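Remarks on the overall topology
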Amino acid sequence: MVQIKKRKIPDAEIPTSSMADISFLLLLFFLVSTVIDVDTGIGLVLPEYIPPAQQQFVPISKDRLAALLINENGDVLLNNEVISIPQISKTLQPRIESKIDQPANKKLVVSVKTDRKTSYNLFIQALDQVKQAYFNVRNEYSLQHWGKRLVDLDERSGEMKELKEKIPITISIAEPESVKK
Amino acid sequence: MKFEKKRANTKQSIPTASLPDIVFMLLLFFMVTTTLREVDVLVQFRLPEAKAIEKIENKRLVSYIWVGRDGRIQVNDSIVKLNDIEKIMYSKRVALPNVIVSLRIDKGSEMGIVTDIQQELRKASCLRINYSTLLKL
């Protein structure tokens, strides 16, 4: 009698030794393709849009206003005085400091105005200087009162809140005027 | 007296059985954190540099507008006209009320186009903006 041999079933196993290699490969791909770049820049809040017909002229007293004018040649005018861009922050700092203890409606307002032909780079440099002036003042205030640097303060802490109240950053982008032809 | 080499009785091999698990965990982490939907930037631009810059903490809120050195404006995946910005940005704002618009503008641009875009954004009431800059060292 012919013996019917039962076919031996081979071990059903998935070879897993190369799994680590495969997953390493995938891991490498994701490591390389991941971009963990944080967006950096100068933040600003624009004013609400009001149609020209409804615009009202709100007078701001001279000692509150720091008018910054940048023309197309790169000349900077701060309150009708010609200065260079790196000087802006030094010039603004004492004015911001003098207003720390004033109520909110007496704080300094920095108004930035440019020509249409002004280079964007110059505008950013000027804005950077203004921001730096504010940051320096905040930093000093923070060091004086809490002995902490500005960068060490927590964004949600009460100290930061007080800073924002005492030294608010008010930068106003001037309403564009219609181009005269 | 017979000298015997002092040798620990343990096996001299690193257990690699859990290696795939560990690697998979890392893999999953990177898969989750990767944002693959990178928009093709169609315009050429170089960002300006500044010192007093802030980080945008929440990347999900950010929406970009590019302006190339040739003055073309890109929103999302396509080049748009200046007049279209208001409509596009308004729909973005409706979907995401506290959207931050990051302006990636070439440093050689003129302020005219920047002002125009800002006016469009104001009309669309996207008021939180960010001039994207690099850190000046």
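Being a predicted model, the structure only gives us computed values, none of them experimental.

Criteria and cut-off values
Residues numbered from 1 in each chain as written. Chains lettered and ligands numbered in written order. Predicted model: local features only at pLDDT ≥ 70, side-chain atom pairs only at ≥ 80, totals over all residues. Pairing = 2+ DSSP bridges. Helix = DSSP H or I, 4+ residues; strand = E, 2+ residues; numbered from the N terminus. Axes fitted to C-alpha atoms, helices over the stretch in contact; angles between N-to-C directions. Core = buried A, V, L, I, M, F, W, Y, C linked by C-beta atoms within 7 Å. Buried ≥ 20, exposed ≤ 12 C-beta atoms within 10 Å, placed from the backbone. Contact = placed C-beta atoms within 7 Å. Expected span 1.5 Å × (residues − 1). Parallel < 35°, antiparallel > 145°, perpendicular 65-115°, else oblique. Left-handed = near helix turned anticlockwise from the far one by under 90°. Nonpolar A, V, L, I, M, F, W, Y, C, P; charged D, E, K, R; others polar.

This paragraph deals with the sheet that holds strand 2 (residues 65-70) of chain A. Strand pairs in the sheet, formed through backbone hydrogen bonds, run parallel or antiparallel to each other. All names here are of chain A. Pairing within the open sheet is mixed, and its five strands lie in the order 4-3-2-5-6. Only two strands of the sheet have a single neighbouring strand rather than two, namely strand 4 (81-83) and strand 6 (171-173). For this sheet, the mean inter-axis angle between neighbouring strands, taken without regard to orientation, is 25°. The pairing of strand 2 with strand 5 (residues 109-114) spans six bridges and is parallel.

All names here are of chain B. In this sheet, strand 6 (residues 100-105) lies alongside strand 3 (residues 62-67) in parallel orientation, the contact comprising six bridges. Across the sheet, Ser63 pairs through a bridge with Val101, a residue of strand 6. Two elements, strand 3 and strand 4 (residues 73-75), share three bridges in a ladder whose sense is antiparallel. Paired with Val67 across the bridge in strand 4 is Ile73. The turn linking strand 3 back onto strand 4 is made up of five residues, and Gly71 within it adopts a positive phi angle of 85°.

We now examine the nonpolar core. The biggest cluster of nonpolar side chains holds 45 residues, and the ones touching the most others in it are Phe123, Ala126 and Val130 of chain A together with Val101 of chain B. The element that contributes the greatest number of residues to this core is helix 3 (residues 120-146) of chain A, accounting for ten residues. With residues up to four places along the chain from it excluded, the contact list for Ala126 of chain A reads Leu68, Ile70, Val76, Ile85, Ile88 and Val112 of chain A.

Moving on to helix 3 (residues 111-123) of chain B. Residue and element names in this part refer to chain B. Spanning 13 residues, helix 3 covers 18 Å between terminal C-alpha atoms, matching the ideal 18 Å at 1.5 Å per step. Inspection of helix 3 places Met111, Val114, Ile117, Gln118, Glu120 and Leu121 among the buried residues, and these make up the whole buried set. Looking at the residues trailing helix 3, positive phi occurs at Ser125, about 50°.

All right, on to the pairing of strand 1 (residues 40-45) of chain A then. Note: strand 1 of chain A against strand 2 (residues 54-55) of chain B, two bridges, orientation antiparallel. By the bridge assignment, Gly41 of chain A is partnered in strand 2 of chain B with Glu54 of chain B. Where strand 1 of chain A meets strand 7 (residues 128-132) of chain B, five bridges bridge the pair, whose relative direction is antiparallel. Looking across to strand 7 of chain B, one finds that Leu44 of chain A is bridged to Ile129 of chain B.

Moving on, we get to the interface of chain B and chain A. Counting residues at the interface gives 44 residues for chain B, matched by 38 residues for chain A. Among the elements of the structure, helix 1 (19-33), strand 2, strand 6, helix 3 and strand 7 of chain B are those that each provide at least two residues to the side of chain B that touches chain A.

With that out of the way, let us pick up the packing of helix 3 of chain A against helix 4 (residues 158-166) of chain A. Each pair of packed helices gets described by two things: the angle between the helix axes and the distance between those axes. All names here are of chain A. Two elements in contact, helix 3 and helix 4, have axes separated by 11 Å at closest approach and are oriented at 130°. By the criterion of interaxial angle, the relationship of helix 3 to helix 4 is oblique. When the axes of helix 3 and helix 4 are compared, the crossing they make is right-handed. Here helix 3 contributes Arg138, Tyr141, Ser142 and Trp146 to the contact with helix 4, which in turn contributes Glu159, Leu163 and Lys166. In terms of residue class, the contact of helix 3 with helix 4 is built from three nonpolar, one polar and three charged.

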